[in-house]
Amino acid sequence: MTGDTQGNGWAADGRDTGGVGGRAHSGGPPSGSHTAGSGIARRRLGGGILALGGALALTPIPLAGAAARSGPGTGMTDGAADAGAGMESGAHRPTLRRGSAARAGLLREPLDQLVRDAEAYLADSPKHPWYAGAVLLAGRGGTVALHRPIGKAVRYAAYDEKTDTGVEFPAEQQIAMAEDTVFDLASISKLFTSLLAVQQIERGTLELEATVASYLPDFAGGGKQDITVRHLLTHTSGFRSWIPLYEEPTREGKLRMLWAEAPANTPGSAYLYSDLNLISLQLVLEQITGRPLDVLLREEITGPLGMHRTRYNPPASWKPKIAATEDARLPWSGLERGLVWGEVHDENAYGFGGVAGHAGVFSCAWDLAILARTLLNGGVYGRSRILSEDSVDLLFTDFNTAFPGDEHGLGFELYQHWYMGAMATPRSAGHTGFTGTSLVLDPSTDTFLIVLGNSVHPVRSWRSGSAPRVATANQLARAVPVRPERGRTAWFSGMASGAAATLTLPALRLSSARARLECALWWDTEPGSDRLVLEASAGQEWQPVPFTTVGREPGHHRPDPRPHPEGWVSGWSGRVWHRLEADLSAWRGKSVQLRWRYTTDQLYVGRGAYVDSLRVRDGGVMVFDSDRPRDAGRIGAAGWVLSAD
C-alpha cells in the first residue's frame, strides 16, 4: 500500500475511512484540451497555464521567479538575493548550498520551532510515536537553511501484536537517523513516473489525451478502452484504489488481473486515488521507450541531476544507511516478510521485483531537494535540463477543476492543506508516501519542504493523519516573512487552530454620509473554513460590514475593486497586500465600533492575516489613524499581535 492519509484507511484528519489504498473523494476532471502528439502544444503566456471550465486556459500566474523578488508584500528580505530564483524565463536558476536562514530570506525562530514540533512526534502522539525518526529539510531559493535528522532509522526488530508494543533492538544495534539516511519513498515514487511521462509528452512520443489502450491493446479489457493518459496522471481513470496484484506469482498473472480489472467509475467522472493508475503508466512508458522503469529513472532523471542516492532496489551495501520500515506479517500486511529493511515495503511493488510505477523508489532528503529545486527552476538544475518550463507548468496546473478539493496537476497534488498546512496555495505541489514521507513545493515563495519519516516502523497501525507534516509546513510558511505595508509593524492574527481573535477600534461617532474605513489587508486562510470578518456594532450585536479590496495583480496596473458583500474574506489572496475600503454611512449619527474577527477551525490553517494602516475618515476629517500613537494605543487586540514579519 502506498497511498497515505486520505487513503489506505485513514482520512486527512486521522479518521479511519475503512479504505485500503484510496482517498475518500469523488469528482472528475474537465474534458481534455491539451494534446501533446508533437510536444507541449499550448505555450505559456504571461507566466502560467490554468485549467478552467473544462479546458486549459492561458492566464497570468505568478511563478516563483516573480513572486520571490524583493519588495513590499513579497515576503522577501532585501538581502535575500539568493532566494529569488524560480521558474521565470531568464531568471537565475540556483543550485543548492547550505546557508543560514537569513541567506535564504527566512526567519530563524520558526525553523527552530519546526524541529521542536517534529521532535514532539517521536513521543506518544497520542498512544504511539508517529515515527521512529525523520530527516527534515527546508529551504528557499538555492539555500538549504535546515537539514536535521531526528530519532532512529532502525529501532525495532519486531512488533508484538498481543501487547501492541515494539520489540526494540539492543541499544548498540539501533541506528540513529542521519542527514543522508535513505528512505523507501512509497507513493512519492509516483512523481518520478509522472515526470518520465511528461518528458515523453514533451518529446511527442506520448499523447496526453490518447487512450491507454492505443499503447497497450490488452488494457482495454474490463471496459477500460476510454481511459486516457491524462486520467492516469490525475487519478480520474475510475480505477479502484488498489488490488492485491502480489497474490499472482508471475508478472503475466499480475498483468492479467490488471487487464481484467473493470473501472469502478466511468473514466473522467470521479476522482479516486489509485496505485493502478501509475502501474498502468509504467507499462505504457516501458512499451513506448523499450526500457524498464528503473533504467528510465536513472538515465532520464537521477543521472542527469546527480541524484546518486535515488534508485529502485538499493544494493545490500546501502542497508546500514536505510531507514527500516515494517514488521510485515499477516494479518496487517499482505505478505509474511518479517522486518522490511532495505527492500520495498509496498506489497505490489515487491511483487513486481521492487520496480513499479506507484512505489519502490528509495531516496534521501538532499536528493529530493535537488528535484524540488529543479522543478522550481523550471526544469533545470546546473547544466542539466529534464523538462521544459512549459512542461513544468503542467505539473503545477490544476486539471481537476471540476472537483474542488481534489486539485491535481500531472502527477502532483495541489493545494492540499491536509499535509501542506500553511504552505498550501493554488500552485503548491507535492505528494506523500505511506511510509511517512512527504514533499511540498511552493512556487509563490520559492520554498520547499521534505519530511522523510519511517512511520510504519514497527507497524502501520501506530500512526494516522499527517500531523507532523502539517506542523512542519506551518512553521516553514511562518518562516517566510510578510513585511508590513508601511512602517515597521502590522497587526498579525497568528496561525493557531481553533482561534477566535479580534482586533477592535475604539468607539467613533460618525456624522458624515461619506464616512469610510480604509486599511491594508493581507490574508491566507484555509478556504471556506477559516475567515477574516469585518464587523461593526453600535452598542448592540456585531454585524458584518461589506467592503471592497484591490490587490496588486500581475499584469494589471489598476485592477478592479473586488466586492465582499458578506463582509469577510477566506482562502488565498496571492501573497500581496490589498487596499480595503468600507462604506460606513449606515452608522451616520451613531457611535460605532469596528473590529476584525479572525476565526479558524480545529484542523488546518493558512499563513494567517495582517492588517495595517487603519484609518477612519468622516467626510473630510480623519477621526482615526493607526499611524498616530494616540490612536494606535486605543486599539484593542485579543489574539492579534504587532509583528514586523
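Just so you know, these numbers come straight off a predicted model, no measurement behind them.

Peer 1: Mind showing me how you'd approach the overall build of the protein here?
Peer 2: Counting secondary structure elements, the protein contains 14 helices and 34 strands. A burial count over the protein gives 61% of its 645 residues as buried. At a minimum sequence separation of 6, the contacts of the protein that also span at least 24 residues come to 71%. Here the protein has roughly 22,700 Å² of accessible surface; of this, 50% comes from carbon and sulfur atoms.

Peer 1: Explain helix α6 (residues 251–260) here, please?
Peer 2: Think of an α-helix as 3.6 residues a turn; residues three or four steps apart then line up on the same face. Buried within α6 are the following residues: G253, K254, L255, L258 and W259. Here the buried face of α6 lies against α7 (275–289) and α9 (347–351).

Peer 1: Is there a simple way to explain the sheet that holds strand β9 (residues 183–184) in this structure?
Peer 2: What holds strands together in a sheet is hydrogen bonding between their backbones, with the strands either parallel or antiparallel. Taken together, three strands build an open sheet; the order of strands is β9-β13-β10 and the sheet is antiparallel. Each edge of the sheet is formed by a strand with only one pairing partner; in this case those strands are β9 and β10 (311–312). Pairing geometry for β9 and strand β13 (residues 361–363), over two bridges, is antiparallel. Within β13, the position partnered with F183 by the bridge is S363.

Peer 1: Hey, could you run me through the packing of helix α3 (residues 108–120) against helix α13 (residues 467–479) in this one?
Peer 2: Relative placement of two packed helices is described by the angle separating their axes and the distance separating the axes. Orientation of α3 relative to α13, taken along the N-to-C sense of each, is 175°, at an axis distance of 8 Å. Between α3 and α13, the crossing angle belongs to the class labelled roughly antiparallel. The residues of α13 that touch α3, namely those facing P110, L111, Q113, L114, D117 and A118, are A471, T472, Q475, L476, R478 and A479. A class-by-class count of the residues in the contact of α3 with α13 yields seven nonpolar, three polar and two charged.

Peer 1: Could you clarify how one ought to interpret helix α8 (residues 293–305) in this entry?
Peer 2: In a regular helix each residue adds 1.5 Å, so 13 residues correspond to 18 Å; α8 covers 17 Å between its end C-alpha atoms and thus fits that length. At E299, α8 shows its strongest bend, of approximately 35°. Buried within α8 we find L293, V295, L296, L297, E300, I301, T302 and L305. Downstream of α8 by one or two residues, G306 has phi in the positive range, about 70°.

Peer 1: Would you mind going over the pattern of salt bridges with me for this structure?
Peer 2: Two side chains with opposite charge may pair up if their charged atoms get near one another. Here the structure, examined in full by the defined rule, presents 31 salt bridges. One salt bridge connects R108 with D112, and the closest N-O pair in it is separated by 3.2 Å. Taken together, the residues span about one helical turn, with R108 and D112 both in helix α3 at a distance of four residues. The exposure class of R108 is partly exposed, given its relative accessible area of 36%. Taking relative accessible area as the criterion, D112 reaches 29% and is therefore assigned partly exposed. With a closest N to O distance of 2.8 Å, E518 and R516 form a salt bridge. For E518, a relative accessible area of 8% translates into the label buried.

Peer 1: Any chance you could explain the packing of aromatic side chains here in plain terms?
Peer 2: The geometry of two aromatic rings is summed up by the distance between their centres and the angle between their planes. Here the structure, examined in full by the defined rule, presents 14 aromatic pairs. With centroids separated by 6.5 Å and ring planes inclined at 80°, the aromatic side chains of F219 and W259 adopt a geometry described as edge-to-face. One end of the pair, F219, is in the loop between α4 (189–203) and α5 (229–234); the other, W259, is in helix α6, with 40 residues separating them in the sequence. According to the relative accessible area criterion, F219 is buried, its value standing at 0%. Between the aromatic rings of W242 and Y246, the centroid separation amounts to 6.3 Å while the plane-to-plane angle is 45°, which identifies the pairing as tilted. It is K319 that lies over the ring of W341; its NZ or CZ is 4.6 Å from the centre. Directly above the ring of Y350 sits R337, whose terminal nitrogen or CZ lies 3.7 Å from the centroid.

Peer 1: Looking at this structure, I do not really get the pairing of strand β30 (residues 591–599). What am I missing?
Peer 2: Moving residue by residue along a regular strand, the side chains alternate between the two faces of the sheet. The pairing of strand β21 (residues 500–504) with β30 spans five bridges and is classified as antiparallel. The partner of T504 across the bridge, within β30, is R595. Two strands pair when backbone bridges link them, and strand β22 (residues 508–509) and β30 are joined in this way by two bridges, in the antiparallel orientation. Its bridge partner lying in β30, L508 is registered against V592. As defined by bridge partners, strand β24 (residues 531–537) adjoins β30 across seven bridges and the pair is classed as antiparallel. When the sheet's bridge partners are listed, R531 is paired in β30 with T599.

Peer 1: Just checking my understanding: could you explain the pairing of β21 for this structure?
Peer 2: The element β21 is extensively covered by neighbouring structure, given that four of its five residues are classed as buried. In this structure, β21 lies alongside strand β33 (residues 636–638), joined through three bridges in antiparallel fashion. Within β33, the position partnered with L503 by the bridge is A637.

Peer 1: Even after reading the chapter, I still don't get the environment of L503, so can you show me in this structure?
Peer 2: Along the chain, L503 falls in strand β21. On a C-alpha basis, the gap between L503 and F492 in space is 9.5 Å, while along the polypeptide they are 11 residues apart. Sequence-distant contacts of L503, that is, excluding residues within four places in its chain, are made with W491, L594, R595, W596, V611, L614, I635, G636, A637 and W640.

Peer 1: When you look at the environment of Q173 in this model, what are you seeing that I'm missing?
Peer 2: Along the chain, the position of Q173 falls in the loop between β7 (165–168) and β8 (175–176). In the structure, Q173 is positioned 19 residues away from V154 in sequence and 8.3 Å away in space, judged by C-alpha atoms.

Peer 1: I'm lost on unusual backbone geometry in this one. Help?
Peer 2: Apart from glycine, the bulk of residues carry a negative phi angle, and the bulk of peptide bonds sit in the trans form. P331 follows L330 through a cis peptide bond whose omega is 5°. Tracing the backbone shows P331 in the loop between β11 (327–328) and β12 (338–339). Here the residue pair H457 and P458 is connected by a cis peptide bond, since its omega of 15° sits within 30 degrees of zero. On the secondary structure map, P458 appears in the loop between β19 (447–453) and α13. Of note in this structure, N313 is not a glycine but carries a positive phi near 45°. A relative accessible area of 36% places N313 in the partly exposed class.

The rules behind these values
- Residues numbered from 1 in each chain as written.
- Predicted model: local features only at pLDDT ≥ 70, side-chain atom pairs only at ≥ 80, totals over all residues.
- Heavy atoms only, no water.
- Helix = DSSP H or I, 4+ residues; strand = E, 2+ residues; numbered from the N terminus.
- Buried < 20%, exposed > 50% of the residue type's maximum accessible area, 1.4 Å probe, protein only.
- Contact = heavy atoms within 4.5 Å.
- Areas by Shrake-Rupley, 256 points an atom, 1.4 Å probe, with all protein chains shown as cover.
- Pairing = 2+ DSSP bridges.
- Axes fitted to C-alpha atoms, helices over the stretch in contact; angles between N-to-C directions.
- Parallel < 35°, antiparallel > 145°, perpendicular 65-115°, else oblique.
- Nonpolar A, V, L, I, M, F, W, Y, C, P; charged D, E, K, R; others polar.
- Expected span 1.5 Å × (residues − 1).
- Bend = angle between axes of the 7 residues up to and from the residue.
- Salt bridge = Lys/Arg side-chain N within 4 Å of Asp/Glu carboxyl O.
- Phe/Tyr/Trp six-rings, centres within 6.5 Å; stacked < 30°, edge-to-face > 60°.
- Lys NZ or Arg CZ within 6 Å of the ring centre and 35° of its normal.

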